[in-house]
Amino acid sequence: GTSARVMAPMLFEITPAPELMWFAADAGRALFVAGDNTHAFAWYDMAASAAPRDPEAKKAYAALWPVAVLFDSENRVAADPEAVGQWIAAEKELNEDGWQERTAFALALFRALGRPVEPSDWSGLVMAAHNGSDMPGIALWTALKDAGDDNRIGETVLLALLALGDKGPAGAGPITAAGAVSGLTAVGLNDDARKLAAEAALGAGL
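Here is what the cut-offs are and how they apply
- Residues numbered from 1 in each chain as written.
- Predicted model: local features only at pLDDT ≥ 70, side-chain atom pairs only at ≥ 80, totals over all residues.
- Heavy atoms only, no water.
- Helix = DSSP H or I, 4+ residues; strand = E, 2+ residues; numbered from the N terminus.
- Buried < 20%, exposed > 50% of the residue type's maximum accessible area, 1.4 Å probe, protein only.
- Contact = heavy atoms within 4.5 Å.
- Areas by Shrake-Rupley, 256 points an atom, 1.4 Å probe, with all protein chains shown as cover.
- Salt bridge = Lys/Arg side-chain N within 4 Å of Asp/Glu carboxyl O.
- Phe/Tyr/Trp six-rings, centres within 6.5 Å; stacked < 30°, edge-to-face > 60°.
- Lys NZ or Arg CZ within 6 Å of the ring centre and 35° of its normal.
- Patch = residues over 30% accessible without salt bridge, like charges linked within 9 Å, V, L, I, M, F, W, Y side chains within 5 Å.
- Axes fitted to C-alpha atoms, helices over the stretch in contact; angles between N-to-C directions.
- Parallel < 35°, antiparallel > 145°, perpendicular 65-115°, else oblique.
- Left-handed = near helix turned anticlockwise from the far one by under 90°.
- Nonpolar A, V, L, I, M, F, W, Y, C, P; charged D, E, K, R; others polar.
- 1 Å grid on protein atoms, 1.4 Å probe; cavity = no way out; pocket = protein on both sides within 12 Å on 5 of 7 lines; lining within 4 Å.
- Points joined across faces, edges and corners; volume = space filled by probe spheres on them.
- Expected span 1.5 Å × (residues − 1).

Chemist: Got a minute to help me understand the overall build of the chain in this structure?
Modeler: Within the chain one finds 10 helices and zero strands. Scored against the burial criterion, the 206 residues of the chain give a buried share of 41%. Considering only intrachain contacts with a sequence separation of at least 6, the fraction spanning at least 24 residues in the chain is 55%. Here the chain has roughly 11000 Å² of accessible surface; of this, 58% comes from carbon and sulfur atoms.

Chemist: Got a minute to help me understand the pattern of salt bridges in this structure?
Modeler: Inspection of every chain in the model, using the stated rule, returns six salt bridges. The salt bridge partner of lysine 145 is aspartate 149, with a shortest N-O separation of 2.8 Å. Separated by four residues within a single helix, lysine 145 and aspartate 149 lie in helix H7 (residues 138-149), roughly one turn from each other. On the basis of relative accessibility, which here comes to 46%, the residue lysine 145 falls in the partly exposed class.

Chemist: Would you explain the packing of aromatic side chains in this entry?
Modeler: In this description, a pair of aromatic rings is defined by centroid distance and the angle of the planes. This structure, assessed with the given rule, holds seven aromatic pairs. Look at tryptophan 22 and phenylalanine 23: their rings are 5.5 Å apart centre to centre, the planes differ by 45°, and that puts the pair in the tilted class. One aromatic cluster is present, formed by Phe32, Phe41, Tyr44, Tyr61 and Phe71 through successive ring pairs. Stacked on the ring of phenylalanine 41, the Lys or Arg arginine 76 has its end atom at 4.1 Å from the ring centre.

Chemist: Help me understand a nonpolar patch on the surface in this model?
Modeler: Judged by side-chain polarity, Val33, Leu70, Phe71, Phe105, Leu109, Leu113 and Ile138 come together as a nonpolar surface patch covering roughly 600 Å² of accessible area. Among the structural elements, phenylalanine 105 can be located in helix H6 (residues 99-112). Phenylalanine 105 gets classed as exposed once you look at its relative accessible area, which sits at 53%.

Chemist: Sorry, what's going on with the environment of glycine 188 here?
Modeler: Note on placement: glycine 188 falls in the loop between helix H9 (174-186) and helix H10 (190-203). Residues glycine 188 and isoleucine 153, spaced 35 residues apart in sequence, show a C-alpha to C-alpha distance of 8.4 Å.

Chemist: Could you clarify how one ought to interpret unusual backbone geometry in this entry?
Modeler: Backbone phi values are negative for most residues with the exception of glycine, while trans is the configuration of most peptide bonds. We note that asparagine 151 has phi near 60°; this positive angle belongs to a residue other than glycine. For asparagine 151, the location among the structural elements is in the loop between H7 and helix H8 (153-164). With relative accessibility at 46%, the residue asparagine 151 sits in the partly exposed group.

Chemist: Any chance you could explain the packing of H7 against H8 here in plain terms?
Modeler: Between two packed helices, both the angle of their axes relative to each other and the distance between the axes serve to describe the pair. In contact at an axis separation of 9 Å, H7 and H8 are set at 150° when each is read in the N-to-C sense. On the basis of the axis angle, H7 is roughly antiparallel to H8. The hand of the H7/H8 crossing is left-handed. Side by side, H7 and H8 meet where Leu140, Ala143, Leu144, Ala147 and Gly148 of the first sit next to Glu155, Thr156, Leu159, Ala160, Leu162 and Ala163 of the second. Looking at side-chain class alone, the contact of H7 with H8 contains eight nonpolar, two polar and one charged residues.

Chemist: Got a minute to help me understand the layout of surface pockets in this structure?
Modeler: Gaps left between atoms show up when a probe the size of a water molecule is rolled over them. Taken as a whole, the largest pocket spans an internal volume of roughly 230 Å³. Taken together, Ala62, Ala63, Pro66, Val67, Leu70, Trp87, Glu91, Asn95, Arg102, Phe105, Ala106 and Leu109 make up the lining of the largest pocket. Listed by contribution, the elements that provide at least two residues to the lining of the largest pocket are helix H4 (55-71), helix H5 (81-94) and H6. Ranked by residue count, the leading element in the lining of the largest pocket is H4, at five residues.

Chemist: How do you make sense of helix H3 (residues 37-50) when you look at a structure like this?
Modeler: Residues separated by three or four positions in an α-helix point in the same direction, a consequence of the helix having 3.6 residues per turn. Taking 1.5 Å of rise per residue, the 14 residues of H3 would be expected to cover 20 Å, and the 20 Å separating its terminal C-alpha atoms lies within 8% of that figure. For H3, the set of buried residues is Ala40, Phe41, Trp43, Tyr44, Met46, Ala47 and Ala50. Packing partners of the buried residues in H3 comprise helix H2 (21-33) and H4.

Next up, the structure:
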């Protein structure tokens, strides 16, 4: 943040131009962080308009789109399911390593800020559930909560099972077990929730 604010006056002097597309993502991010949305959106708009036909612009657009959504207080950046799907496809194509975690993190932040995130937006991300950790990934965690809140019983059960993983309730950590229990309780499966909680408690030595 400090670096961005120090560099901002110099960035003000640079006019976005197609030959500077390689610089668009860095310039846009720095300007957003520095609090200058006007100049930042100039770089974003240039990348967005050229992305369909220019590979360099596509990279810049994929890098800038989630940041633009987060800094967009006026909802001028499209973040509907079609836009989300296009961005996820670009992330998957351009960044094979870790694209699920990055996109899931961005969607969770959108949701936290009140931008609409559809259940379908999480599809393809929930299977990046554990990655060697005892904690479910943010996509699976959020999808489980949303399914419970919307009383989607079958989906809640499936996602709870995915969250528990191969170890099941007896091997689940406290946050994972509590989340699965909360999901089942939210959709009225109280007996199953109690059994799951009991198995998790016994597995933890309680």
